[in-house]
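So the chains spell out like this:
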Amino acid sequence: MVLSTRLVVMLLLTVLVITAFNEYTPGPVTYNAKSVIVGGNPILIFSGSIHYPRSTPEMWPDIIRMAKEGGLNTIATYVFWNAHEPVQGQYNFTGNYDLVKFIKLIAEHKMYVVLRLGPFIQAEWNLGGLPFWLRDIPNIVFRSYNEPYMKHMKRYIEYMVNMMKAEKLFAPQGGPIIMAQVENEYNHVQESYKEKGTQYVKWAADMATSLYPDVPWIMCKQKDAPQNVISTCNGRHCADTFMGPNSPDKPSLWTENWTAQYRVFGDPPSQRAAEDIAFSVTRFFMNNGSMTNYYMYHGGTNFGRTSSSFVTTRYYDEAPLDEFGLIKEPKWSHLRDLHKVLRMMKKLFLTGTRKVQEINKFVQIITYEKPESKLCAAFLSNKHKKIHRTVDFRGKQYFLTRRSVTILPDCKNIVFNTELITSQHNSRTFVPSKRANNFKWESYRESIPTFNDLQMRSKTPMELTAATKDTTDYMWYSTSINLDKDDLPMRADIMPVIRIQSLGDALLTFVNGQYIGFGHGSFIEKSFTFSKPVSLKLGANHISILAMTVGLPNSGAYMEKRFSGIRAVMLQGMSCGTLDITLNQWGHKVGVEGESLQLFTEEGSTKVKWVPATRPGTPITWYKTRFNAPEGNDPVAIKMERMGKGVVWVNGYSIGRYWDNYRSPLGAPSQTEYHIPRSYLKPKNNLLVVYEESSGTIDGIVINTVNRDIICSNMGEDYPPNVDSWKMDNDILKAVVEKPKPGAQLTCDPDKFIKEIQFVGFGNPWGSCGTYMQGTCQAPNAKKVVEKACLGKNSCRVPIDRAILGEPTGDASCAQEKVKRLAIQVRCGRKNEI
């Protein structure tokens, strides 16, 4: 029988939410070797990293809600020192930096918080979260047993702890914060500081625990963590790489389970399969782990200039919630299902007896049992990357797919397999807005300064970061040189070459007002050499260079000693030989004109004369236009295709750096679409300003809405039934329906319905969501069955049953393939949409 399951799904979600609510019991926080204990309740921690500055306060409630519906009971966040104290002694906790508001929202959803104070956080955040003014403190050495650094670090940590205490946000006070973190992955740099590194680790632990000893403090990847903190694991496969905490009486905690990989400009796409994450999480919990924290669960956006060196504006877009806060399937729901299954076995995890049976070096059976109550749970693990296995367990044979764990919460019934996804998939679509793209572009090109225009003078080019103090990406360098005919090449067909050695990150060169070219380093090697032929003349020649950073470093030792900007400049191919003009006397200017005039604001945009924009584009050019907010409520993105490199502002808000002309090895930009939060927009007459540094054409700019309305299912007849087919009733596993069977389950967003059945294949279809193709074997009536079951509904379920779908027919291979697959692709939409 084909069933509509909207009501069933809602009821099951309600049960899941109620279960999660019962986990929230703020109170004293302790721990043992099994788990963290909050308010007397031992808990399994399913956590996700969500960074409040990388989204907007308007997005926070939905992101937190979806995290909870995804089976999380905890949210972890770094705290960003340079966001909160950008100027020494001046604090900012407004807008998307309102940490207290964010934590209180989490508490309203009955979820816990892991507060990762750092203050060094890395996080692909500018200078690893440390404020730039810290560099100017005399004799300071970051992250070392150094009195100036420790003084400011303690002052900041104490300030933040006191703020949390004043707001009663720690769990012993009735709040959601159950753990706090000091420092971050210090082992990576500790040897660089020798004995001062060892001293610093102990000092940091003692300092933190003395400020608030009533919750556990943790240190990530710290092999020599002091006994007053808990050492934890970061990585992709902590079940195999983590040697355990720093004491046998402490729980095994996984504080960063990387859901993909952050990307830098020039990178190809970064991916991590939902199956691999589920496999790793399951193996961690079956091996005595009691916490996983997905880094990231929602990555969000590096607004403004907040990203570190070369890191893209989009952050961890492959997380269970994508940059726009949309659910990414199947990652979100496959992990949700896993969390539900692991919760079923919580009592056994915490109080049962664990036994390990090694079948061979790849296959392992782990059981948790309480013989006196006949409770039993089993994990059948196959680590082999290519070969499936069959094992006998308690008189029954179980087929183990390659690199998977099969979970039997009652040691009998298969409820979950990490490799076999029974939840839905989806595909993201960018749709050009009908209302927003009637652009009338105007432009303003900045003037190119010469040495005489610049008041900051020095014999040699100044170091960029020390001069800009992280107030801007940009600094102008200019010098003038007088040449006579004995200096210039004697042949007209030979041109001199300007050679610029840069410490990073990028630069544009102009000679006598003419644009020569653009050069840049990379995430791996920030320094580079720029060489281009130039046309020089008799008399005065003006050489002007706009040098820039693309974020400051966020990792490594001695971060206070990182440099950028121009190191040396030479003119090659001259009749007089190579001219080194590094010592020629240089003028400098911090920032560009449009920044100081704030051309990206309503008031600032009136301070210059704009003219109709011409094509092709020119370097160091500002563009502005107006647009209306896109129709509907879907997230908004601006596509910067065919532009070069620069920054975008909407109504005065910087949505971050773009870099379209830095291509990955695949020949495509690392990022093309950039998030415009809906809260930044007015219904009409929004100001859009683009600063294009190098070159590009504005004709490729498009404002899109973003959706994940294409949803799919792709399952085999041999898949287990959906997790929602089972429940625990007084510690006994029971089926919700009689004889659970596998079935495709599709659910649109709450305000949308299935508008179109785009693909149905029952037999041997192939491809992935958005690109399915029919194979050589197909049940001809399957599509009609799906249309009847699903069209016009918010949710539907189609059993994988030949009696319902029909018998697949086709070529000779059809009969040979005993197990058939059902692939479905549908499009969701609102009732008033076509």
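Everything below is about the structure shown above.
In this text, all values refer to a predicted model and were calculated from it rather than measured experimentally.

(A) Here's a closer look at the pattern of salt bridges. According to the stated counting rule, one finds 44 salt bridges in the structure shown. The salt bridge partner of lysine 340 is aspartate 724, with a shortest N-O separation of 3.0 Å. Within this pair, whereas lysine 340 is found in helix α9 (residues 331-344), its partner aspartate 724 is found in the loop between β38 (701-716) and β39 (726-729), the two being separated by 384 residues in sequence. Of the two residues examined, lysine 340 and aspartate 724, each falls in the buried class.

(B) Focus on the packing of aromatic side chains. Tallied over the full model, the rule gives 47 aromatic pairs. For the ring pair phenylalanine 439 and tryptophan 441, a centre distance of 5.3 Å and an interplane angle of 55° mean the geometry is tilted. Ring geometry for phenylalanine 759 and tyrosine 772: centres 5.5 Å apart, planes at 25°, overall stacked. You can see phenylalanine 759 sitting in strand β42 (residues 753-763) and its partner tyrosine 772 sitting in the loop between β42 and β43 (777-778), a full 13 residues away along the chain. One residue, arginine 54, lies across the ring of tyrosine 315, its end atom 3.7 Å from the ring centre.

(C) Main features of the nonpolar core. Formed by 189 residues in total, the largest nonpolar core has its most connected members in Met164, Leu342, Trp622 and Val690. In terms of residue count, helix α5 (residues 147-166) provides more of this core than any other element does, nine residues in total. In this structure valine 690 touches Trp441, Thr621, Trp622, Tyr623, Met640, Met643, Val647, Val648, Tyr658 and Ile701, once residues within four positions along its chain are discounted. One finds Met715, Ala744, Val785 and Leu822 within the second-largest nonpolar core, a separate group that totals 25 residues.

(D) Representation of the state of the cysteines in the model. Going through the model one piece at a time under the given rule, you end up with six disulfides. With a sulfur-sulfur separation of 2.1 Å, cysteine 712 is cross-linked through a disulfide to cysteine 769. Handedness here is read from the sign of the S-S torsion; for cysteine 712 and cysteine 769, about 75°, the answer is right-handed. You can see cysteine 712 sitting in strand β38 and its partner cysteine 769 sitting in the loop between β42 and β43, a full 57 residues away along the chain. The same class applies to cysteine 712 as to cysteine 769, namely buried. Covalently, cysteine 748 is tied to cysteine 828 through a disulfide, its sulfur atoms 2.1 Å apart. Note on the cysteine 748 and cysteine 828 pair: the S-S dihedral is about -75°, so by sign convention the disulfide is left-handed. Within this pair, whereas cysteine 748 is found in the loop between β41 (743-747) and β42, its partner cysteine 828 is found in strand β46 (residues 821-829), the two being separated by 80 residues in sequence. Of the two residues, cysteine 748 and cysteine 828, neither departs from the other in class, the shared state being buried. In the chain, the bonded cysteines, taken in the order they occur along the sequence, pair up as 1-2, 3-4, 5-7, 6-12, 8-11, 9-10.

(E) Local environment of the sheet that holds strand β10 (residues 252-258). A barrel is described by the order of its strands in space; here eight strands give the closed sequence β4-β5-β6-β7-β8-β9-β10-β11, paired in parallel fashion. Within the sheet, the average angular offset between the axes of one strand and its neighbour, ignoring direction, is 30°. Sheet topology places strand β4 (residues 45-50) next to strand β11 (residues 289-298); five bridges connect them, and they run parallel. Pairing of phenylalanine 46 across the sheet is with threonine 292, part of β11. In the packing of helix α8 (residues 274-286) onto the sheet, the strands contacted are β4, β10 and β11, and the crossing angle to β11 comes to about 155°.

(F) Local environment of α9. Compared with an ideal rise of 1.5 Å per residue, which puts 14 residues at 20 Å, α9 spans 20 Å between its outermost C-alpha atoms and is within 8% of the ideal. Taken across its 14 residues, α9 has 14 buried, putting it largely inside the fold.

(G) The sheet that holds strand β3 (residues 41-43), seen in detail. With antiparallel pairing, the three strands of this open sheet are ordered in space as β1-β2-β3. Each edge of the open sheet is held by one strand with a lone partner, namely β1 (29-31) and β3. The mean inter-strand angle of the sheet, taken between neighbouring strand axes irrespective of direction, is 35°. Pairing of β1 with strand β2 (residues 36-38) involves three bridges; the strand directions are antiparallel. What sits directly across from threonine 30, in β2, is isoleucine 37.

(H) Main features of the environment of leucine 211. Locating leucine 211 in the fold gives a position in helix α6 (residues 195-211). Residues leucine 211 and isoleucine 157, 54 residues apart in the sequence, show an inter-C-alpha distance of 8.4 Å. Leucine 211 has contacts with Ile157, Glu158, Val161 and Lys165, leaving out every residue within four places of it along the chain.

(I) Quick peek at the pairing of β39. The sheet contact formed by β39 and strand β40 (residues 732-735) spans four bridges and is antiparallel. From the neighbouring strand, methionine 728 faces β40, where its bridge partner is leucine 733. Joining the antiparallel neighbours β39 and β40 is a turn of two residues, in which asparagine 730 adopts a positive phi near 55°.

(J) View of the packing of helix α2 (residues 60-69) against helix α4 (residues 99-108). At a minimum axis distance of 10 Å, the contact between α2 and α4 shows a crossing angle of 40°. Here α2 lies oblique to α4, going by the angle between them. Considering only the axes of α2 and α4, their crossing is right-handed. On α4, the residues touching Trp60, Pro61 and Ile64 of α2 are Lys101, Phe102, Leu105 and Ile106. Across the contact of α2 with α4, the residue classes tally to six nonpolar, no polar and one charged.

Conventions and cut-offs
- Residues numbered from 1 in each chain as written.
- Predicted model: local features only at pLDDT ≥ 70, side-chain atom pairs only at ≥ 80, totals over all residues.
- Heavy atoms only, no water.
- Salt bridge = Lys/Arg side-chain N within 4 Å of Asp/Glu carboxyl O.
- Helix = DSSP H or I, 4+ residues; strand = E, 2+ residues; numbered from the N terminus.
- Buried < 20%, exposed > 50% of the residue type's maximum accessible area, 1.4 Å probe, protein only.
- Phe/Tyr/Trp six-rings, centres within 6.5 Å; stacked < 30°, edge-to-face > 60°.
- Lys NZ or Arg CZ within 6 Å of the ring centre and 35° of its normal.
- Core = buried A, V, L, I, M, F, W, Y, C linked by side-chain atoms within 4.5 Å.
- Contact = heavy atoms within 4.5 Å.
- Disulfide = S-S within 2.5 Å.
- Pairing = 2+ DSSP bridges.
- Axes fitted to C-alpha atoms, helices over the stretch in contact; angles between N-to-C directions.
- Expected span 1.5 Å × (residues − 1).
- Parallel < 35°, antiparallel > 145°, perpendicular 65-115°, else oblique.
- Left-handed = near helix turned anticlockwise from the far one by under 90°.
- Nonpolar A, V, L, I, M, F, W, Y, C, P; charged D, E, K, R; others polar.

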